[in-house]
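Read off the chains here:
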Amino acid sequence: MVDSSLAQSLKERILVLDFGSQYTQLIARRIRETGVFSEVRSHDIPFVEIARFKPTGIVLSGGPATVTEKFTAKVEVDVLEMGIPVLGICYGMQTMVDQLGGRVENSNVHEYGATQISTVNESLLLSDLVQADVKGESLKLDVWMSHGDRVIQLPDGFETIAQSAASPYAAIANHERNLFGLQFHPEVTHTPQGQQIIQRFIHDVCQCSPLWVTDSIIQDLVNSIREKVGSDKVVLGLSGGVDSSVCAALVQQAIGDNLTCIFVDNGLLRLNEAETVYSEVIQQLGVKAVCVDASDRFYRALAGVDDPETKRKIIGRIFIEIFQEEAEKIEAVSWLAQGTIYPDVIESAGAHTGQATVIKSHHNVGGLPETLHLKLLEPLRDLFKDEVRKIGVQLGLPHHLVYRHPFPGPGLGVRVVGEVRKEFVELLRRSDAIFIEELIKNDLYYKASQAFAVFLPVKSVGVVGDNRAYEHVINLRAVQTLDFMTANWMRIPFEILQLVSSRIVNEVPGISRVTYDISNKPPATIEWE
């Protein structure tokens, strides 16, 4: 079923049809940033479901396929005949052209990366967005391309509104039918004015109002939780991270004392994390909570395991086991609440579309074992991180807690590269704390989107005092990103990195070398495992 609980009270909503692009979710996020609700579904869902959703507009995403093949991904033709605005992006534009009678061919000149386009006709999407070039001869716009095919003939009723050196139809429009196509990607940050283009499509073409705001999101979610749960009791796995804390605050607002939080100290938390969770989350929210120290149990299960996916699954399995054990002690509990958010679902290829490739699995995605005997409640599942944070602040959680950097569900278990040992975790925990402390002191913490230390499974020769040392290596990682789909390594001043390195080597016995990761995402991921 297309319609979600979040969408039911909103008359204006955009449907994004996914053709398998890794960046499809960015389109949905950019649309929501304009104040309009959006959902992503597979391109091949039945038209009757699209009609039931009653979209105000539709966006066709990019994708890895080519329309020049005999059998290729398409939308039902009725989608283009609904009389509502449609925007095709990259492959989405090409399939729209092909289905409406135009022509697309494989191009000898591929466009990957930064490109300039020239506007050639008036349009709601592109006009007045750009400046004249140095010679004043044409209007230019910097965009991000990623395609090997190109349109060579437009369908009837279309005109070109922008072109590039390799694409005669870099942007097209049928103004009478409100059908638009962009060969470039406005959703990525590498298209500087891409958000303005998306906003113009949503507000000017689709004529949507900015009604998707924090207050309405909270009310919709609270109503949904109450309707789904009723008078049942709920347990929630509280990690102290942003997602689980906001989830706890939201569920408590909906059902009050029928929520019990279970906090598990798995031995893989940050320095003093257990104390922080108790004082700043449990006490702050005033929720009922059960605290379990299970660190030895996790370490025993992880002994000798060095594969990251196996580690994630072990950590997830033990969490579920503990939840089951503790939940059975609570009378008549029926639900397990989790702070699963949209990026978790995407990276585990668990989104509604099923189109995305698995990057890494998340222990809180993919359903629950039958032995748990609990139904799953994931109120944040369709929200992005920035939306979750806004909700947290609105619900009264401390700002510094809500805006702390993301922390992986498996904790330091996936920041110790290779086998997880208690002594390795302790070295990492202390090193990480020093790194974060110096970033905060030097007003750099909130300029980074995510910063952390990684324990490397190697030893390095060093000199400590006048003696030769053969000790462990810590790697530092800090990135800046708007969406966590792509990220750039952060240019931390050398003097700060030198200070952090010196402190770690001097204050954490067993570490003799510190490195700094300068890899972007892609090709690297933000986390090492």
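For the structure itself, consult the block above.
Not measured: the values here are computed from a predicted model. (Residues numbered from 1 in each chain as written. Predicted model: local features only at pLDDT ≥ 70, side-chain atom pairs only at ≥ 80, totals over all residues. Heavy atoms only, no water.)

1. Re the overall build of the protein chain
Here is the rule: Segments assigned H or I by DSSP are reported as helices when at least four residues long, segments assigned E as strands when at least two residues long, and all are numbered from the N terminus. Here's how the labels work: a residue is buried when its accessible area is under 20% of the maximum for its type, exposed when over 50%, partly exposed in between, all with a 1.4 Å probe on protein chains only. Surface accessibility follows the Shrake-Rupley procedure with a 1.4 Å probe radius. Residue values consider only the protein chains on display as shielding.
Assigned secondary structure in the protein chain consists of 14 helices and 19 strands. Within the protein chain, buried positions represent 58% of all 529 residues. Summing over all exposed atoms, the protein chain offers an accessible surface of approximately 22,500 Å²; the carbon and sulfur share of this is 48%.

2. Quick notes on the sheet that holds strand β11 (residues 233-238)
To keep things clear, this is the line we draw: Pairing between strands requires that DSSP locate at least two bridges from one strand to the other. To obtain an axis, a line is fitted to C-alpha atoms, over the contacting stretch when the element is a helix, and the angle between two such axes runs from 0 to 180 degrees between their N-to-C directions.
With parallel pairing, five strands are arranged side by side in an open sheet as β13-β12-β11-β14-β15. Where the open sheet ends on each side, the last strands, each with one partner, are β13 (288-293) and β15 (375-377). Going across the sheet, the axis of each strand differs from the next one's by a mean of 30 degrees, ignoring polarity. As judged from the four bridges shared by β11 and strand β14 (residues 333-337), these two strands associate in the parallel manner. Each bridged residue has a counterpart across the sheet, and for K233 the counterpart in β14 is V333.

3. Concerning the environment of V463
The residue V463 is located in strand β16 (residues 450-464) in this model. As for V463 and S512, which are separated by 49 residues in sequence, their C-alpha atoms are 7.7 Å apart.

4. Describing unusual backbone geometry
The amide bond that connects K521 to the next residue, P522, takes the cis arrangement and shows omega of -15 degrees. For P522, the location among the structural elements is in the segment after β19 (511-516). Phi is positive for K54, close to 55 degrees, though the residue is something other than glycine. Mapped onto the fold, K54 is located in the loop between α2 (47-53) and β3 (57-60). Phi at D128 takes a positive value of approximately 65 degrees, unusual for a residue other than glycine. Note on placement: D128 falls in the loop between β5 (103-119) and β6 (131-132).

Honestly, that's just the spatial picture; any functional story needs more than this.
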